[in-house]
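# Results of the structural survey
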Amino acid sequence: MSRKRRGLSAEERALWERVAASTRPLRLPAPEPAPPPAPPEDQAPPFPLTAPRSLIRPGLTPPPGPPAAPRPAGLPPPAIDARLQRRLMRGKSRPEARIDLHGMTLSEAHGALVRFILGARSRGQRLVLVITGKGAGTGADAGPLFEARGVLRRQVPHWLAQPPLAEAVQHLAPAHPRHGGEGALYVYLRRPR
């Protein structure tokens, strides 16, 4: 359904032309780029000056530049075997336990998550489901008004990557739609020692 656009009346056009004629363009000075800070002389460089032996081959020189950046916090720990990964992605593996964090404050959810994960690991459970919810405004209507929503969904992976839970968690993966999809995580736990 398309609507015709209403044109400006003669009075509106005259008003617009007066306003447009009274304006001047802003001319802001271009900011000067700040020079990069120099590292202290007593500190070692952040990366080795030579490539590892495994990267040097006869006749080839190592590429210049810094090494690859470290893995950002919050990413999954080392991967699990491919067979288990396929089963998780297809929703074929059934979680042995689950926790639903809906309706909890951040502090309540953090305490409940720590107790749940450490308890599941001590009982010998390997695959658990953590339901965070998707949070309001995570779809196409998300905008500045909805940025504070879905806090648990963003925060839980960080909690799982930090002590005391990091040593219990082997792998994180988004849940299959039958187990909650984007609003839940599979957490694969390490074997208890």
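Residues numbered from 1 in each chain as written. Predicted model: local features only at pLDDT ≥ 70, side-chain atom pairs only at ≥ 80, totals over all residues. Heavy atoms only, no water.

## A word on the overall build of the protein
Per the secondary structure count, the protein includes four helices and four strands. Put simply, the protein runs from its N terminus to its C terminus through helices and strands in the order α-α-β-α-β-α-β-β. Across the 193 residues that make up the protein, the buried fraction comes to 27%. Across the protein, every contact between residues at least 6 apart in sequence was considered, and the portion connecting residues at least 24 apart equals 66%. About 15,200 Å² of surface is accessible on the protein, with carbon and sulfur atoms providing 57% of the total. (Helix = DSSP H or I, 4+ residues; strand = E, 2+ residues; numbered from the N terminus. Buried < 20%, exposed > 50% of the residue type's maximum accessible area, 1.4 Å probe, protein only. Contact = heavy atoms within 4.5 Å. Areas by Shrake-Rupley, 256 points an atom, 1.4 Å probe, with all protein chains shown as cover.)

## Concerning the packing of helix 3 (residues 106-122) against helix 4 (residues 151-160)
Interaxial distance between helix 3 and helix 4 falls to 11 Å at its minimum, and their mutual angle equals 45°. In terms of orientation, helix 3 and helix 4 fall into the oblique class. As helix 3 runs across helix 4, the sense of the crossing is right-handed. Residue-level contacts link L106, A109, H110, L113 and I117 of helix 3 to V151, L152, Q155, V156, W159 and L160 of helix 4. Partitioned by chemical class, the residues of the contact of helix 3 with helix 4 number nine nonpolar, two polar and no charged. (Axes fitted to C-alpha atoms, helices over the stretch in contact; angles between N-to-C directions. Parallel < 35°, antiparallel > 145°, perpendicular 65-115°, else oblique. Left-handed = near helix turned anticlockwise from the far one by under 90°. Nonpolar A, V, L, I, M, F, W, Y, C, P; charged D, E, K, R; others polar.)

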